[in-house]
Structures are given as C-alpha cells and as structure tokens.
Amino acid sequence: MTRFLHSFMDFLRLLGHETVNRVWRLGYGSRFFFAVLFRSGASLTRGRLILREIWFSGVLSLIIILISGLFVGLVLGLQGYEILQRFGSAGALGTMVALSLLRELGPVVAALLFASRAGSAITAEIGLMKATEQLKAMDMMAVDPVARVVAPRFWGGVISMPFLAALFSTMGIFGGWLIGVVFIGVDDGIFWSSMQASVDFRHDVWNGILKSFVFGVAVSQIAVFEGFDSEPTAEGVSRAITRTVVTSALAILALDFVLTSFMFRGIS
Amino acid sequence: MNRKALDLWVGFFVAIGIGALLFLALKVSSFSGIQMENTYQLQARFDNIGGLKLKSAVRSAGVLVGRVTDIRYDSEKYVALVEMHIDNRYLFPKDTFAAIYTSGLLGDQYIGLEPGGDEEDLADGATVLKTQSAVALEKLISQFMFNKASEGQTAPP
Amino acid sequence: MQAYRLLLLSGLHQLRKFTVDDHLVSIENLCFDYGGKPVLRGIDMHIPKGRVVAIMGGSGCGKTTLLRLIGGQLRPTSGQVKVAGEEVSALGLAELYALRRRMGMLFQFGALFTDLSVFDNVAFPLREHTDLPESMIRDLVLMKLQAVGLRGARDLMPSALSGGMARRVALARAVALDPALILYDEPFTGLDPISLGVIGHLIRRLNDALGATSIMVTHDVHESMQMVDYIYFISAGTIVAEGTPDEIRASRDPFVDQFVQAKADGPVPYHFPAPNIAADFGLTMDTGALA
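Residues numbered from 1 in each chain as written. Chains lettered and ligands numbered in written order. Predicted model: local features only at pLDDT ≥ 70, side-chain atom pairs only at ≥ 80, totals over all residues. Heavy atoms only, no water.

Focus on the overall build of chain B
A count of helices and strands for chain B gives two helices and eight strands. Listing every helix and strand of chain B by position from the N terminus yields α-β-β-β-β-β-β-β-β-α. The proportion of buried residues among the 157 residues of chain B is 32%. Considering only contacts in chain B between residues 6 or more positions apart, those separated by 24 or more positions represent 63%. Working note: accessible area of chain B is about 9900 Å², and carbon and sulfur atoms make up 58% of it. (Helix = DSSP H or I, 4+ residues; strand = E, 2+ residues; numbered from the N terminus. Buried < 20%, exposed > 50% of the residue type's maximum accessible area, 1.4 Å probe, protein only. Contact = heavy atoms within 4.5 Å. Areas by Shrake-Rupley, 256 points an atom, 1.4 Å probe, with all protein chains shown as cover.)

So, the interface of chain C and chain A
The interface of chain C with chain A comprises 21 residues on the first partner and 18 residues on the second. In terms of surface lost to chain A, no three residues of chain C exceed Y97, F113 and E128 of chain C, which account for 28% of the buried area on that side. The interface formed by chain C and chain A includes four salt bridges. Between E133 of chain A and R68 of chain C there is a salt bridge, with its nearest N and O atoms 3.0 Å apart. For the interface between chain C and chain A, the tally reads nine residue pairs in polar contact (both at pLDDT 80 or more). Looking at the side of chain C that touches chain A, the elements with two or more residues in it are α2 (63–71), α3 (93–100), β6 (103–106) and α4 (118–129) of chain C. With four residues, α4 of chain C is the single largest residue contributor to the side of chain C that touches chain A. For the side of chain C that touches chain A, the class distribution of residues is ten nonpolar, five polar and six charged. (Buried area = accessible area lost by both parts, 1.4 Å probe. Salt bridge = Lys/Arg side-chain N within 4 Å of Asp/Glu carboxyl O. Polar contact = N/O pair within 3.5 Å; in protein donor to acceptor, adjacent residues only side chain to side chain. Nonpolar A, V, L, I, M, F, W, Y, C, P; charged D, E, K, R; others polar.)

Description of the packing of helix α1 (residues 2–38) of chain A against helix α7 (residues 145–184) of chain A
Helix-helix packing is characterised by the crossing angle of the two axes and by the distance between the axes. Residue and element names in this part refer to chain A. Running from N to C, α1 and α7 point in directions that differ by 95°, and their axes come no closer than 9 Å. The orientation of α1 relative to α7 falls into the category roughly perpendicular. Contact with α1, carried on its side by F32, F33, A35, V36 and L37, involves V146, V150, A151, F154 and W155 of α7 and no other residues of that element. Residue composition of the contact of α1 with α7, grouped by class: ten nonpolar, no polar and no charged. (Axes fitted to C-alpha atoms, helices over the stretch in contact; angles between N-to-C directions. Parallel < 35°, antiparallel > 145°, perpendicular 65-115°, else oblique.)

Structural notes on the sheet that holds strand β6 (residues 109–114) of chain B
Residues and elements named next belong to chain B. Reading across from one edge, β7-β1-β4-β3-β2-β6-β5-β8 is the order of the eight strands in this open sheet, with mixed pairing throughout. The open sheet has two edge strands with one neighbour each: β7 (126–128) and β8 (130–132). Each strand axis lies, on average, 30° off the axis of its neighbour in the sheet, ignoring direction. (Pairing = 2+ DSSP bridges.)

Overview of the packing of α7 of chain A against helix α8 (residues 188–198) of chain A
All names here are of chain A. Orientation of α7 relative to α8, taken along the N-to-C sense of each, is 145°, at an axis distance of 10 Å. Classified by chirality, the crossing of α8 by α7 is right-handed. Seen from α7, the contacting residues are I173, G176, W177 and V181; seen from α8, they are D188, F191, W192 and M195. Of the residues that constitute the contact of α7 with α8, the class distribution is six nonpolar, one polar and one charged. (Left-handed = near helix turned anticlockwise from the far one by under 90°.)

Re the domain arrangement of chain B
What the domain assignment reports for chain B is domain 1 (1–32) and domain 2 (34–137). One C-alpha centre belongs to domain 1 of chain B, the other to domain 2 of chain B; they are set 40 Å apart. (Domains from an automatic or database assignment.)

Details of a nonpolar patch on the surface
On the surface, F4, L5, F8, M9, F11, L12 and L15 of chain A cluster together into a nonpolar patch covering about 700 Å² of accessible area. Relative to the elements of secondary structure, F11 of chain A occurs in helix α1. (Patch = residues over 30% accessible without salt bridge, like charges linked within 9 Å, V, L, I, M, F, W, Y side chains within 5 Å.)

Re the arrangement of the chains
Where two pairs of chains are in contact, the pair with the most contacts is made of chains A and B. For chain B and chain C, which are not in contact, the least C-alpha distance works out to 10 Å.

Description of the side chain of R148 of chain A
Within the secondary structure, R148 of chain A is located in helix α7. According to the relative accessible area criterion, R148 of chain A is buried, its value standing at 17%. When near neighbours in sequence (up to four residues on either side) are disregarded, R148 of chain A contacts R46, L49, M138 and V143 of chain A together with F124 and E128 of chain C.

Considerations on the interface of chain B and chain A
Across the contact, 26 residues belong to chain B and 29 residues belong to chain A. Roughly 2500 Å² is buried in total at the junction of chain B and chain A, and carbon and sulfur atoms are behind 80% of that figure. Looking only at chain B, the three residues that lose the most surface to chain A are F13, L24 and V28 of chain B, adding up to 25% of its buried area. Linking chain B with chain A are one salt bridge. For R48 of chain A, the salt bridge identified is with D7 of chain B, shortest N-O distance 3.2 Å. Here chain B and chain A share two residue pairs in polar contact (both at pLDDT 80 or more) between them. The element contributing the most residues to the side of chain B that touches chain A is helix α1 (residues 3–28) of chain B, with 19 residues. In terms of residue class, the side of chain B that touches chain A is built from 17 nonpolar, three polar and six charged.

Comments concerning α2 of chain C
Residues and elements named next belong to chain C. Here α2 lies mainly inside the structure; eight of its nine residues are buried. Inspection of α2 places K63, T65, L66, L67, R68, L69, I70 and G71 among the buried residues, and these make up the whole buried set. Immediately downstream of α2, the backbone of G72 shows phi near 80°, a positive value.

Now the structure itself:
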C-alpha cells in the first residue's frame, strides 16, 4: 500500500514537473518568437541572407514537393473518379480534386513535407552551429546570432512555404487531370469548367495560401526555436530534430482545424 | 554553391511559385468568371429559398448569367429577399419568372430566370415579381402521402 | 643635448610606467555560482596591457567560466570584471557588443562557420562591422591569412582543414578587427606537437605585433611556460598560485608541483571522494577475521 502511494506520489511529482516544464518552454518559445521578429531588421535589409535561406528551405524542398504533389493528385484522381462515378457525377472530378487540394491537402501535406525536409534541416543546422560553439563565437564577435542566423532562416521558411504549397496544389491538379482526363477519359472541357465554376478565388485559393503562410510561420518558428534551444551535443541535436518534426506536425494539424473552422464557417 | 548559381535557383523557384499561384488564380478558380464590376442588380422575393446560398448561380436557359449577392429575411412580408447581380450583357423582360431549381437530384440550388414577353427590360435595382419557391422535398412527399390516403378513403369498399 | 636625452628617456619611462600600470582587465573578488554550486570564489586578477597571461588548472576548475565572464557571456554572482575600464556585467547589449568589437576570441576547436569558406570566415567580422569595399576586405583577409601562413588555403571549406589549420584560421578571424584583447579557450587541445608549437608561436607573435593583450585558458603547462608573461593557477574556484614562468618553476607550492610535474596524486586527489574502501567491499577490519 505504501509502495503504491509512493509511486503515485512520484507520478504526481513527475506530472507537475513536466507540466511546469512545458509551460516554461511555451513561454520561452513565445519570447523567442518576438525576439526573432524584433531583430529581423538586419536580415530584411540584407536580402542576400534571406536569399540563401530560400534556397536552403525552398529550392531544396522543391523535388519532394513536386513529386509528392503529383502522386497525391494521381491518387485523388483515381479515388475521386471511383467514388463520383457511383453517383454519375464523374464530371465533378475536377472540382473534387481542386477543392480538396486547394483547401486542405495542398497547404497541409506541403507543410508536413516542409517540416520534415526543411524544418529538420534548419534545426540540425542551428543545433550543430550551437554544438560547435559557432553561435557563441558569433556572439563574441559582437554579431547577434538571433539576427544573423535565426531570423534569415525563419523568413526564408515563411517566404518559401506558400510557394511550395501552391506548387504542390498545381502538381496535384495536374496529376488529377492526368488520371481523369488522359487515362480514364473524363471530358477535358468538363473537367476544367466544373472546376472553374465551383472554385472561388477568395474562398478557396486565397484561404489556402493564407493557411500555408500560417503553417510556414509555425514550422519555421518551431524549427529555429528547437535548433536554438537544443542541447549542444550530438544526442541533443538529434532529439531537437525529432521534436521539430513531431511538434510541427501537431501544430500544423491543430492550426488547420482552427483555421478551417474560421475560414469556411457559413459558406458552402 | 556560388552566388550566381544560388541566385539562379532562387529566381527559378520564385518564378515557378508565382506561375503556380497564377495558374491557381486564373485557370483553376472562377477569378476570370463573371466580372463583378459589369453587373446590374435585381431583387426577388421567395416564400422559401430552400438551400440557396450566397454566390449561388443565376442561370437562364442553363447559362450562367449572374450570382446571388445577398439573402435577407423581409420581416414585413415574412418572405426571403434575394439580391442578385446579373451580367450587363444579359437583359430580361419585366415579366421574367424567377424560380429556384436544383441541379441534378442532390446538386446545388440555383435561381433560374425564364424570360416573359414584355417589351420593357428589368432595370438596375428592379424587383422580379413572379417567383416560385424552392421545392421542399418533405412537402412533396407529405402531399403525395396525403393524396394517397384520401384516395384510399374515398374509394368504395 | 645630454639633458634633452635624459628628459626624453624619463618621458618614455613615464609613458611606459603609465601603460604598465594601466590594467586592461581587472577582476575583483569575483564569485560565480552555477545552479547553486559555487564555481568561482573570490578571484582577483589585474592584467596589464601588452601581456600574454595564462590561466591554468585542471578540467572543470572554472577557468573557462572565468573567460566567459571576461567576455560578458556570463554574469558574475558578485564582484566585478572590468575590461578597458568598463564593468562588463553592467553593460547593455549594444554597449557590450561595442566592447566585444575590440575583443577577439579563439574557441576550443576554432568554431569556424562550417557553411563559409576560409576566406569568408576571416572576412565575416569585417563584413559585419565595417562598410569597407570588397577589394579592401580582400587585402585585409589575405594579410591576416598570410600572418597565420594559410593564404593558400583561402578557398577551402572548414571541413577540409586539419585541427591545427582550423585553429589558425580561427586565430586569423579572431584578430581580423585588430582587437585590443584576445581570449583563448584551450588553444592547444587536440593538436599534434608541430601544430602546437605553431599556435603557441603565433599567439605570442600576434599579441606583440598588434600591441594587444592576451588571456589564455589552458592546461598545457610546458607550451605555455615558454611563451607567456604571467601564469595564474586556479583550483576549486580560487587562485592557488601565480607568478612569472620562472617563479612558477621555482615554486614549492604542492599544487603547482603536482600540476607542473603531472603527478597523479597530490592536493588534487587521485580518488574521487568515496566511502571507506573496506566498508565498500564488505570487509570488516576485524583482525581476528584476517588472521
């Protein structure tokens, strides 16, 4: 009985400790977020710094985004046709493919891929710079690491994300078209016109872009924070990378729910 | 990675990104559909609008001629007041008939305009007087059941 | 004429005396706790301009912490650190950065920026802090690289450098802005004897050529003895011995003796504090049982 009580007390203690730790990290993370925003001046006026990071997080993620987008589109085309033709509305294939990509799959899947490709790389880069004392060296050279290292990576990610999501959706629609029109034989004109008739620029395309922008901010912020906050050892950096991918995925899906319930309430 | 190659890659990335956005805006969405500037406004009152929504289509002879821009409840006459914008290119006679239809069995509801024979056309801000409400499936069914039931009663044993 | 020369000499003497008395770094009664555990306890140091000073002690004795305190990366629990007359812990970020522009620091393993070439690494402080045209930056960088003998390695990436070469590039980077104070964190760790000699020689030569002051944290006794002006020994957070290399060699202090002669046991015990050995192995010191 006493043993049970003891382990129960230990559990409570652990729970309390973990909770306090989480709340502390949340506070520290928020403070860090504002520090990054306030110290972005230097990186925003020196375009070359951000250019390098767009290359790092945008261009290097291009291949995986394009290929995944194509495959998601192919699957949507197949499944969509299979379901829609049961109701005799195979003509709505274009609408289905476009709406599901623009509203949800484009921003969400592109952000998940971005988190695992670019987010983890950003965390690894900053974490290793910390582990090898590069950040401290920079600080001792009177160069603010948050302004010089963190802020450009953050903005590079934020800028890249909407482009990547748009490219993902475009490739997906192309994939859906390929399956639907080229292989299955849905009418080309109906595919596009049904799509154009039901896809609204502001409600569907613009909201999708807005979503991907929010995801870009969230993933980039998580990635730079985990890197900056990582324990300066090989093990600490690898744990930070894992945390980046896991936290990003959770943040993307939770934010997606919140954004969707705001954006698409009352319409259609 | 030297600077020139980096600039080239980033430039390429941004260019195809903007290309994708333009594709989504122009080819995929109805951004290029009815221009909202070149429209005139019509109103119509319906007893029941069914599942009509904002931005629902307004069609005549199956052709998209405008969109629903506002739906309000008229608390004096206890009916729905629907406002729609019609493309300037299309004019309709004063005795045009407006009805709410459903595209297909389960599709979206839209307003169908059936032109009458009047000499004069509906002007901007005019009201379509002759309307027919959405067909409520429940009403149809209950009517049908009622008829059947009364048939059964009146039939001689 | 004679009188004039005398006057000049006494003037020079005055000047010399002034510069010698003018401490670039002075540390008074410095204490630092980490997580409630005292790391440094009452350190006093006065380092004049132009000197190369070594701070020695075993691993984990707080000497790197001391370096961090001088560079303003940590704040003391009590006491003060003054660099060039300014109290480091009282400075705001902008003032601290202004002070750090006059400091150079060499990190233990160089801490070169792995995504930049050797040239760009050395150019980094120049590009960040000056608006010099690229041609002038190029000349300055090549001069610094020439000083450490690596002008030919300018296009290599840090991953292609040996440990000694990386340390030399880092040294060129640390002195890129001609600092008044150069801090070295374990500059000799992990180097082969040749590189070690090269780095030691460079530290001395750069210090004298730049008219700078150098503080070096190290546990390499023999290399440092040959090149420094003054040595502080730190153990358990306090200064246990200090003096010029000759004084240190002549010292009879047991700690210095153990450290310099590399003896396994002494004031720094070989054994980590442990319970009585007999009790630990379950033996009773009962003579009857032994017999």
